[in-house]
Number of protein chains: 2
Amino acid sequence: MTEAARHFDALEAQWSSALHSLGRRVTRQRLAVLAAVERSPHATADDAAAAVRAELPHITVQSVYVVLADLTDAGLLRRIETPHSPARYETRVNDNHHHAVCTGCGRIEDVDCAVGHAPCLTPSWAPDSRRMTIQIAEVMYQGLCDDCRETPANPTDQVPDSPQKEQNER
Amino acid sequence: MTEAARHFDALEAQWSSALHSLGRRVTRQRLAVLAAVERSPHATADDAAAAVRAELPHITVQSVYVVLADLTDAGLLRRIETPHSPARYETRVNDNHHHAVCTGCGRIEDVDCAVGHAPCLTPSWAPDSRRMTIQIAEVMYQGLCDDCRETPANPTDQVPDSPQKEQNER
DNA sequence: CACTTATTCTGAATAATTCATAATAAGGCG
DNA sequence: CGCCTTATTATGAATTATTCAGAATAAGTG
């Protein structure tokens, strides 16, 4: 465990200096939230709050929201919006990766950029659209993971997307 | 106007038969919602409700929500989730196009698929991820449109994304 | 035209997130 | 090292987006 602990100490040092050089104060709640999201990537605000409470039992969800929002626009966290689910956060920033979500169980996986590096930022515009200077390209893949393909309709699973609805039964 | 009216009559006929062949009933509210979204693409549920009320003054937002959800999983509408904004809908379905949102004013533009057709569905997986069978690839570009680049900080504009927050002023 | 049932309406509930204000503590300074 | 300023957090409530349960309505079928 010493190994992992050392790793987190190093990360904490990095985060601290990053915060410092951004002119932001280094607080226990910020470090705790960063550690929580590092430990469980794609965590929601609720997840993060629950994890942080191991260290700071009195923290509220609202504070976690504030911290998450602040760290996100400080560039230390990245916010992901998956369909029909609360926002999620991860510490992997600045590496141009994308996400795949299983429509069966809601599982989220990281995906490397499909087209290398730059092409992601050069869209081909639709005929009737005005141009923009693109800064980010978020790609969200949706599909079925192996587990869900084998067990098609399992109502006990967490289903974040539109559930069942077997139309056309006539 | 006869031209446009004829166009909408044709669309309405298409929608009706599509609904019919899906085993769904053809109702005035469904047609009105489809027409509203056709007229203003990327409309939110509220937008749609407001537009529909021109024709059906008594419709409620809840009903519009139900209709939008139903039409979406019937495949007649596509739901778009832009960051920090309610869900939006459009009638352009099945043509594999993407979207660009201006972080300044929130404007949304359609973007043709950047990498042709199939490549969008073949991600290169991150080393530690499990595979999925990809069905959809949603691409969301973010950037600044020409207007917003010229007038950097205009607080009167609608800013759906993280607003101002001029950090590091010391 | 009547009947079945999908669809809509009504009113309320929930989930996610934000806001205003007061309390606290980080970091700079004397 | 302790004080002071002000960023940050806590507290409590509000808002926004969306969904739900049950009653009323109307589409399509025979």
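For clarity, every value in this text was computed on a predicted model and none was experimentally measured. (Residues numbered from 1 in each chain as written. Chains lettered and ligands numbered in written order. Predicted model: local features only at pLDDT ≥ 70, side-chain atom pairs only at ≥ 80, totals over all residues. Heavy atoms only, no water.)

1. Let's talk about the domain arrangement of chain A
Residues and elements named next belong to chain A.
Step number 1: Each assigned domain of chain A is listed with its residue range as follows: domain 1 (2–88) and domain 2 (97–150).
Step number 2: Relative to domain 2, the C-alpha centre of domain 1 lies at a distance of 24 Å.
Step number 3: Inspection of the region where domain 1 meets domain 2 yields one salt bridge.
Step number 4: Here E138 and R78 are joined by a salt bridge, their closest N and O atoms 3.2 Å apart.
Step number 5: Inspection of the domain 1/domain 2 interface yields three residue pairs in polar contact (both at pLDDT 80 or more).
Step number 6: Looking at the side of domain 1 that touches domain 2 residue by residue, the classes come out as two nonpolar, two polar and four charged. (Domains from an automatic or database assignment. Salt bridge = Lys/Arg side-chain N within 4 Å of Asp/Glu carboxyl O. Polar contact = N/O pair within 3.5 Å; in protein donor to acceptor, adjacent residues only side chain to side chain. Nonpolar A, V, L, I, M, F, W, Y, C, P; charged D, E, K, R; others polar.)

2. A look at the packing of aromatic side chains
Step number 1: The tally for this structure, following the rule as stated, stands at zero aromatic pairs over all chains.
Step number 2: Over the aromatic face of F8 of chain A sits the side chain of R39 of chain A, whose NZ or CZ is 4.0 Å from the ring centroid. (Phe/Tyr/Trp six-rings, centres within 6.5 Å; stacked < 30°, edge-to-face > 60°. Lys NZ or Arg CZ within 6 Å of the ring centre and 35° of its normal.)

3. Side note on the environment of C102 of chain A
Step number 1: Note on placement: C102 of chain A falls in strand β4 (residues 98–102).
Step number 2: Residues within four places of C102 of chain A in sequence aside, it is in contact with R107, G143, L144, C145 and C148 of chain A together with M132 of chain B. (Helix = DSSP H or I, 4+ residues; strand = E, 2+ residues; numbered from the N terminus. Contact = heavy atoms within 4.5 Å.)

4. A few points about the side chain of T82 of chain A
Residue and element names in this part refer to chain A.
Step number 1: Considering the arrangement of structural elements, one finds T82 in the loop between β2 (78–80) and β3 (88–90).
Step number 2: You can call T82 buried: its relative accessible area is 4%.
Step number 3: The contacts of T82, once residues within four sequence positions are left out, are R88, I108 and M140. (Buried < 20%, exposed > 50% of the residue type's maximum accessible area, 1.4 Å probe, protein only.)

5. Let's talk about the relation of the copies chain A and chain B
Step number 1: Expressed as a screw transformation, the operator carrying chain A onto chain B has a rotation angle of 180° and an axial translation of 0.0 Å, and the superposed copies differ by an RMSD of 0.1 Å. What the superposition gives is, in effect, a two-fold axis relating one chain to the other. Closest approach to the rotation axis among the C-alpha atoms of chain A is made by V139 of chain A, whose C-alpha sits 2.2 Å away. (Least-squares fit on C-alpha atoms with pLDDT ≥ 70 in both.)

6. Observations concerning helix α4 (residues 61–74) of chain A
Residues and elements named next belong to chain A.
Step number 1: Here α4 is 14 residues long and its end C-alpha atoms lie 20 Å apart, about the 20 Å a rise of 1.5 Å per residue gives.
Step number 2: Here α4 has its buried residues at V64, V67, L68, D70, L71 and A74.
Step number 3: Residues of α4 that are buried in the fold lie against α1 (2–21), α2 (28–39), α3 (45–52) and β3. (Expected span 1.5 Å × (residues − 1).)

7. Structural notes on the sheet that holds strand β3 (residues 88–90) of chain B
Step number 1: Spatial ordering of the open sheet is given by β1-β3-β2 (chain B), a layout of three strands whose pairing is antiparallel. The sheet is open, and its two borders are formed by β1 (43–44) and β2 (78–80) of chain B, each paired with just one other strand. (Pairing = 2+ DSSP bridges.)

8. Describing the protein's contact with DNA strand C
Step number 1: Around DNA strand C, the structure places 18 residues, and the nearest of them are V26 and Y65 of chain A together with T27, R30 and S63 of chain B.
Step number 2: If you look at DNA strand C and keep only atoms within 4 Å of the protein, 69% of those are sugar or phosphate atoms.
Step number 3: Residue R25 of chain A places a side-chain N or O atom 3.3 Å away from a base nitrogen belonging to DNA strand C.
Step number 4: Among the elements that make up the surface near DNA strand C, the one with the highest residue count is helix α4 (residues 61–74) of chain B (three residues).
Step number 5: Its residues placed into classes, the surface near DNA strand C shows six nonpolar, seven polar and five charged. (Near = heavy atom within 4 Å.)

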